[in-house]
Structure formats: C-alpha cells, structure tokens
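# Inside the fold
The lines below spell out each chain.
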Amino acid sequence: MDLSQTIATIRERRNAGTEQALLMLDMAPLSDTDNKYSLLSTAAHYLHDPAVISKWITLLAAETDTQLRADMLQRLAATGLQQIPDKQGFADLLAASLQQDESRDIILPLLGKLSLTYPPARERLIAFYQQQHNADVNRQILSWLLIPVQATEADLAFYRSLLDSTDTDDKLLLLNRLLLRDQLAPEQIAQQLQPATPEVIKEMVLRFCFDRSIVPEAALCTLVRADKNPLIRKWSIQLLAVHGVSQNDVLDTLLQALREDPDPAVRQAAMFVFTYSLTLTPAIIEHLARCLQTEKHIAVALQLLQLLAPYTEKNEALADALWLLPDHDIAVDLAAAIYDILGRLVPVKPALLEKFMAAYEKEQHDDCKAIILKAITSAMNTGASWNRFYLRALEAPSAAIRSWAVQAMLYIPLTPDNISTLAAAAPVLLHPEIPHQQRQLLARKISCIPQLPAAAVQVFSKLADHSNDQELQRLATKVQEKAISHNGGTQINWEQWLHKADVTHDLTGIFPHIWLFYDDNPEMADKILFAAINPANSNSLYQCSVTDIEILNFLSVKAGINDEMSRYALHQLLHTDLGNESKFKWYLLVLKSNPANAELREGLWQLLEKRGRYINMIQLDELLRIIWKDQLENVFRQHLLQQHTAAGAVPYLQFLEANNTWAPVPALLKEAAQLPGLLQDSSFKDALQRACRAAGIDIDDLLRSVAPPAAPEADGPGFAD
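Bear in mind that the values here come from a model prediction, so they are computed numbers and not experimental data. Every chain's residues receive numbers from 1 upward, in the order its sequence appears when written. Per-residue local features of the predicted model are confined to residues with pLDDT of at least 70, and side-chain atom pairs are confined, for both listing and counting, to 80 or more; whole-chain, interface and lining totals are unaffected and use all residues. Computation of side-chain values covers all heavy atoms of the structure but excludes hydrogens and water.

## Observations concerning the overall build of the protein
Only runs of H or I of at least four residues qualify as helices and only runs of E of at least two qualify as strands under DSSP, and these elements are numbered from the N terminus. Within the protein, the regular secondary structure consists of 42 helices and zero strands. Only protein chains enter the calculation, and the probe is 1.4 Å; a residue is then buried if its accessible area is under 20% of its type maximum, exposed if over 50%, and partly exposed in between. By the burial criterion, 46% of the 721 residues in the protein qualify as buried. We get accessible surface area from the Shrake-Rupley algorithm with a probe of 1.4 Å; when it comes to residues, only the shown protein chains can shield them. When the accessible surface of the protein is split by element, carbon and sulfur atoms take 52% of a total near 36600 Å².

## Thoughts on the packing of helix 34 (residues 563-575) against helix 36 (residues 600-611)
With their axes 9 Å apart at the nearest point, helix 34 and helix 36 run at an angle of 20 degrees to one another. Taken together, the axes of helix 34 and helix 36 lie roughly parallel to each other. For helix 34 against helix 36, the interelement crossing comes out left-handed. Contacts from Leu570, Gln572, Leu573, Leu574 and His575 of helix 34 reach helix 36 at Leu600, Gly603, Gln606, Leu607, Lys610 and Arg611. Between N-to-C directions, angles span 0 to 180 degrees; the directions come from axes that are lines fitted to C-alpha atoms, helices contributing only their stretch in contact. Each angle receives one of four descriptions, namely roughly parallel if under 35 degrees, roughly antiparallel if over 145, roughly perpendicular if within 65 to 115, and oblique otherwise. The crossing is said to be left-handed when, going from far helix to near helix, the turn is anticlockwise and less than a right angle, and right-handed when the turn is clockwise. It only takes one pair of heavy atoms within 4.5 Å for two residues to be counted as in contact.

## Some remarks on the pattern of salt bridges
Whenever a carboxyl oxygen of Asp or Glu lies within 4 Å of a side-chain nitrogen of Lys or Arg, that contact is scored as a salt bridge. The final tally for this structure, using the stated rule, is 15 salt bridges. The salt bridge involving Arg474 is made with Glu471; its shortest N-O contact spans 2.8 Å. With Arg474 and Glu471 both in helix 28 (residues 470-487) and three residues apart, the pair spans about one turn of that helix. We classify Arg474 as partly exposed; its relative accessible area is 44%. Arg637 is paired through a salt bridge with Glu633; the nearest N and O atoms lie 3.0 Å apart. With a gap of four residues between them, Arg637 and Glu633 both fall in helix 38 (residues 632-641), about one helical turn apart. We classify Arg637 as buried; its relative accessible area is 17%. In this structure Glu633 comes out as partly exposed when scored by relative accessible area, which is 28%. In the salt-bridge network here, residues are joined through shared partners; they are Asp340, Arg344 and Lys374.

## A few points about the nonpolar core
Core analysis: the biggest nonpolar cluster contains 114 residues, and Ile237, Phe274, Leu278, Phe356, Ile376, Leu452 and Phe460 have the highest contact counts within it. Top contributing element to this core by residue count: helix 20 (residues 332-343), with eight residues. In contact with Phe274, other than residues within four places in its own chain, are Leu251, Leu254, Leu255, Leu258, Leu304, Leu307 and Tyr311. Take the buried Ala, Val, Leu, Ile, Met, Phe, Trp, Tyr and Cys residues and link them wherever side-chain atoms come within 4.5 Å; each set so joined is a nonpolar core.

## Examining helix 27 (residues 454-466)
With 13 residues, helix 27 should reach 18 Å at 1.5 Å per residue; the first-to-last C-alpha distance of 18 Å fits that figure. When we look at burial in helix 27, the residues that qualify are Ala456, Val457, Val459, Phe460, Ser461, Leu463 and Ala464. Among the structural elements, helix 25 (419-424), helix 26 (436-447), helix 28 and helix 29 (494-504) are those in contact with the buried residues of helix 27. What a helix should span is 1.5 Å times the count of its residues minus one.

## Description of the environment of Glu354
With respect to the helices, strands and loops of the structure, Glu354 is situated in helix 21 (residues 352-362). You can call Glu354 exposed: its relative accessible area is 66%. Put simply, Glu354 and Ile376 are 22 residues apart on the chain and 9.2 Å apart in space, counted from C-alpha to C-alpha.

## Some words on the side chain of Asn594
Following the sequence through the fold, Asn594 ends up in the loop between helix 35 (581-592) and helix 36. Classification of Asn594 by relative accessible area gives buried; the value is 11%. Within the structure, Asn594 has its side chain in polar contact with the side chain of Ser566 (distance 3.0 Å). What Asn594 contacts, discounting residues up to four positions off in sequence, is Ile561, Asn562, Asp563, Ser566 and Leu600. Polar contacts here mean pairs of N or O atoms no more than 3.5 Å apart (in protein, one a potential hydrogen donor and the other a potential acceptor; neighbouring residues in sequence count only if both atoms are side-chain atoms).

## Focus: unusual backbone geometry
Here Phe511 and Pro512 are connected by a cis peptide whose omega angle stands at 5 degrees. In this fold, Pro512 is placed in the loop between helix 29 and helix 30 (513-516). One non-glycine residue, Ser545, lies in positive phi territory at about 60 degrees. Its place among the elements puts Ser545 in the loop between helix 32 (538-543) and helix 33 (548-558). On the basis of relative accessibility, which here comes to 63%, the residue Ser545 falls in the exposed class.

## Some points on the side chain of Gln440
Checked against the element boundaries, Gln440 lands in helix 26. Look past the residues within four positions of Gln440 in its chain and what remains in contact with it is Asp469, Glu471, Leu472 and Leu475.

## Overview of helix 40 (residues 665-673)
Turning to helix 40, its buried residues are Val665, Leu668, Leu669, Glu671, Ala672 and Ala673. Its buried side turned inward, helix 40 meets helix 38, helix 39 (646-658), helix 41 (682-695) and helix 42 (699-706).

## A look at the environment of Val557
With respect to the helices and strands, Val557 occurs in helix 33. Taking the relative accessible area as the measure of exposure, Val557 reaches 69% and is therefore exposed. Separated by 36 residues in sequence, Val557 and Ser593 place their C-alpha atoms 9.4 Å apart.

## Topic: the packing of helix 24 (residues 399-411) against helix 26
Orientation of helix 24 relative to helix 26, taken along the N-to-C sense of each, is 35 degrees, at an axis distance of 10 Å. When the axes of helix 24 and helix 26 are compared, the crossing they make is left-handed. Taken together, the residues of helix 26 that come into contact with helix 24 (itself represented by Ser403, Val406, Gln407, Met409, Leu410 and Tyr411) are Gln438, Leu441, Leu442 and Lys445. Classifying every residue of the contact of helix 24 with helix 26 by side-chain character gives six nonpolar, three polar and one charged. The nonpolar class holds Ala, Val, Leu, Ile, Met, Phe, Trp, Tyr, Cys and Pro. Asp, Glu, Lys and Arg form the charged class, and all remaining residues, Gly among them, are polar.

## Section: the packing of aromatic side chains
Between rings of Phe, Tyr and Trp, where Trp is taken as its six-membered ring, a pair exists when centres lie within 6.5 Å; planes separated by under 30 degrees are stacked, by over 60 edge-to-face, and by other angles tilted. This structure, assessed with the given rule, holds 16 aromatic pairs. Both rings, one in Trp494 and one in Trp497, keep their centres 5.5 Å apart while their planes meet at 70 degrees; by these two values the pair is edge-to-face. Residue Trp494 and its partner Trp497 are located together in helix 29, separated by three residues, close to a single helical turn. This pair shows no difference in class: Trp494 is buried, exactly as Trp497 is. Between Tyr518 and Phe554, the aromatic rings sit 5.3 Å apart at their centres with planes inclined by 85 degrees, giving edge-to-face as the arrangement. Here Phe554 lies in helix 33 and Tyr518 lies in the loop between helix 30 and helix 31 (522-532), a separation of 36 residues in the sequence. Taking the relative accessible area as the measure of exposure, Phe554 reaches 17% and is therefore buried. Members of the aromatic cluster, each reached through a chain of ring pairs, are Trp605, Phe636, Tyr652, Phe655 and Trp662. Note on geometry: a ring has a charge over it if NZ (lysine) or CZ (arginine) is within 6 Å of the ring centre and within 35 degrees of the ring normal. The ring of Tyr360 has Lys369 lying over it, and the distance from NZ or CZ to the ring centre is 3.9 Å. In this arrangement the basic side chain of Arg601 is found over the ring face of Trp628, its NZ or CZ atom lying 4.0 Å from the centre.

Dropping the structure here:
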C-alpha cells in the first residue's frame, strides 16, 4: 500500500469518526441526562474538527442544565480555541454565560484566552468587570487584560478608570502599563505622589519622573514636607532640582527641609539643590533676602549664605540684596557672615571699599567690625590716611580687630614714608592674644628698620623679657644689638642681661657689646660676666665664640680676680676635663692674680697630686713660692712624706725634676728615696732616677747613702773546752 492510499484510508476513518460524533450530538438533545453525558463524552474526542465544534457550541447554547454546560465548557477548553469557526458567536455565548456561577471559573479563562487573539473578547471582559464588584473575579479578569498585548485606546482608558478603585498590587501593574505607554497626564502623575500613596507606587512613579524629567512641583513639595519615608523625601528634593529652583514655594520647601528634616541625607540633598540648581531670578533673590531677614535658625541662615556666596561676584542684584540686610535687625553672626562674603568682592570691585569704610564707622559690634576690617585690608591700600586708620584700629579693644590691623601693617611696604607707622605699631607685639604667626611676621618687619625710635626699642626689650617664643626673642635681641651699635651703652638693659646670663642661660646679644661698654656699668658687668662662666652657659658661650678663660682674663685686667673666680678656676683645674694642657696654664695664671685666696694653700697640692701630669711645674712652683714663701720647703716635705703610694709620690718627684735648681732638691730626693716600700715600684724608681739626673745626683750614691747598715755577721761555732 502506497502513501496516498494510507492517507486516503486515514481520511475516510476520520470522516467516519466525525460523522459518528455529529450523529451522537444530534441524538444528545433527545436523550436523558445520563445518556447525554455518555454521548457528549464520546463525541468530545473529535472536538478538533470545526464541524463538531460548531455543533457542540450550538448544543451548549441550548443546554439548560448548568452543570452539564459547565462540563461541556470544560471539555471545550481542553481542546484549545484555534478551531472555533465563529469566534464572535462563541464570545457572545461565553459572555452570556458569565452570570452562571458554576461556569464562571471556566468561562473566564476561555474568554481570556480568546481575548488574546480576538480583540472583541476583551470588550466582553471589560464590560463584565464593570458590571460586578467581586474582588477575586476582577483580579482574575485583570490578569488577562494586562497580558502584554498591543493595548488599544479603549484598553488604556479602562486602565486609567481603575487607578482609584484597585488595590496596591493591581494598581502597580496598571500604573506600570500606563507609564510605559506615557498615557498619564501630569496631573494624574501628581495624583499618585501623595503621602498616603503606598510607597512602592511612589517609588515607581518617581523613577518614571526621573527618567522623563517630569517635575510635578506641588506634589513633590507635599512629599518633602509630609512623607514619612526619608528616601521618598530625598528623591523628591532631587527631582525638584532637575530643572532648577525658580519658584518661591519650592524654595520655602527646601528651606524647611534644610531646617527641620530629621534625616541628614535629606538635609544634605536640600543643601545640594541650593548649591547647584538655584535659579537666581529677581523674585528669588528678593524672596531669599526676606528669608534671611526672618530666619530664626541661625545655622540654617549661615549655611544658606555660604551656598549663595559663589553667586555674589557675578550677580549684582544678589550682592545688593545682601548688602541691605545688616541694616535690619538680624543676628550678629549672620551680619558678620554677610560682611565676610561681600568682603571677598572688595579686591575685584574697589567701589565697595567706600561702603565698607562707612559700615566700619557705624557698626557697633566688634565681631562685625573685625570682618569689615578684614575686607578693607584685602584691598591693600597705602598712604598716610590709611596708615592713621590702621594705627587707630590697633588700639581697638577687640583682639580680632587688632589682628586684622596687624595684617594691614604686614601689607604696608617698608619704605621711608611708612617707617614711622610701622615703628608705632610695635606695642601690639606685646599682646599675646594676637595670632602667633602675625606677631612673628610683624616683629621681623619692624626689626628691619635701620634706626628704631627708643619707644620701639623698649617694646622689643620687654618682648625679650616676657616672650617664650624663640623667634621673637631672637628678633628682640637683634633690635637691641642694633640699637646698642647706633646709640651706645645707654641702650643696654643691664638687668635683662643679668637675667639672661643667670636664669635663662642665653648669652645672645651680650657679647661682644659687654667688652665695649664694660666701663658704663662695671658692677653689673662683673655680675653678668661671672654668671656667664656658669657651666650651664657653656653651650651659649660656644655659640658666641667666647670662652670662660677670656672672661676671666678680661676681669683680671679690669677688676681683678676675686675669691669666687679663683674658686671657679681651681674647680676647673681639679675636676673638669679640659681637653688640652694649654687651658691649665691659663687657669694657673688666673690663680696667680689672686694668691691670697685661702683655698689655694691646700688646693694646689691636690692639683699636683691629681693633675700633675697636665700642669706646668715651673708655673706651679712660681705660684707656690708666692703663697708659701720661706715655708715652701717644709710644707713640700710634709706633703711628700705623707705619700704612701707610688702614684701619690711620683708627681712630687716630677715637680723636683722640673725645678731642679731649687736648693732643697737633693735633700728632698734623699727623703723621697727613704719612703718605705716605694723603691720596689718601677714607676717610682724611674721618676726618682729622672729627678736625680736633672739635679746632677748619682742615684747609686743616693741609694747607698740611704741604704740601711749591714747586719754584723754571727760568730761561728766554738770549740768545746
């Protein structure tokens, strides 16, 4: 059997089945209920055939048994709806059957499926939706009506009509469909942006507005003022800034958010609007001026002023409006901020300088006067009248005013015409409340003046006494040195020098002037110089390239060496690491200037024993002869015989070696050789040998002369009698 025969056979069988199904459907109206079910069940297998479907729909329309109608609809729904030849009639049948509760759950899906391919079916669904008020049924109908299709104008009108009557979930879907098609008018969009609207809907609508740059200002202002969600308030503020703020109502709303909103992110968003999106129309400027004048929250007003500050340079209307505000009764902080903002314009708009001068004269608050003076100084005006103005400002009770006056002084060029003005400003250096950096800069500038008046020099003298700042002290010392160089010793503050040398251990400025002007006040000079040799001043002396020996030599020439100075020199000889032998010579010369000092009588012997290898023995001999005179031999012998160790005796032998022409040397060497037990020490014996050689004595003869006599030999054994 070929393929064509097979197809023909199948067609014959199908046609036979279709004829049988049609026959069964013809018999169904004449049968009882049970037989109807049996016949319809058998015929349902051929519902794919259009003829069978048409016959089935005809029976369905005539059937009065609601349960049977429901079963017939159920079987029809299982086959699909593509084979239905008369879709309009079928749609009418389904719409008419919707009133039957038993079939509704079947009819709605059938009608919904049909509406996807047959638009008039949508009209039946919409009509039934509007006739009844069952929420579940309406939700089911809406689920079919919202399936993505090309919505008609009737569909969109239907969607819009439901916005106020559906729950949140359905409304969200309807709004989404309408917004995607741009089918909502601005007033309808604004209607959805109310504080009572569910948040999910407000968020969706706000996102749509951002995407389309739609700004319903009234609705957004309401959200900013009343919505409970800070994110919604923030988005509303950001959306208000899309096209710039140019309405007073919007401006007031933003000010309220900036002032009262509890969420910092919302306040920051409002601040950014003022920064980037404020349209300064004349009406806005006037309104801002009124707001600043009546604003009770100073922090908000100050913040708003700082946001407006960048606009003042190019917007003269804004600058003029701000300039009028201090004439009203506004807070001092606010007035100071206005002067500060407008003061930045003075360097580029010199015409403002006269206004600021007038404002300075009439202003009663020191804080405001200081800010005004800041603006005036920024213009860097010079001349005699300005110099007098700045000097008067230096006498103001306010530290802030004086500080800006100092700043003006720093701008004044150091020319001959301005020297007297700068010198007259010196007293302000004594005010510790002036910023440290300003005082340093002004002091450095004044110190450069060649010949300062005595009053200014006196100020620097006080500055050296009372300031703890090293730079200020350095500048004060520089000024004092310059004054001494020009005017002589009359400019020396001897008490200050003594305090520096004795207490602060700072000798800068004292040398070399004290050498030159010693005779002007010898008594104070002696005290200062003696204080300068204090070991605590060693570093300062080194920085001045002065040594204590120079000071002692100078004093020995001018006033003589007293006991305290002799004690200092002796202490240096005995206890200080002097580094080289030449220093010992100089200290011994200082001691020679005061031989009557009682401490030298024993101190020099200690020096010989402890530091004998460093000192010049001839110089020491000369000093000892001056002190002991004829008693030197006995005293020397006494100290020599007291030595029990080689280390103690060797310095005495070295003294005798150096002073070998002294008459008692041979006798003293002999007595030294007799010191018990010391000849066995090699160092002692070597020192003795050198001393004998220097004195021309044969050491062997010396040793034999001091050797004890030999013991008599004992008698040998005798012979027994």
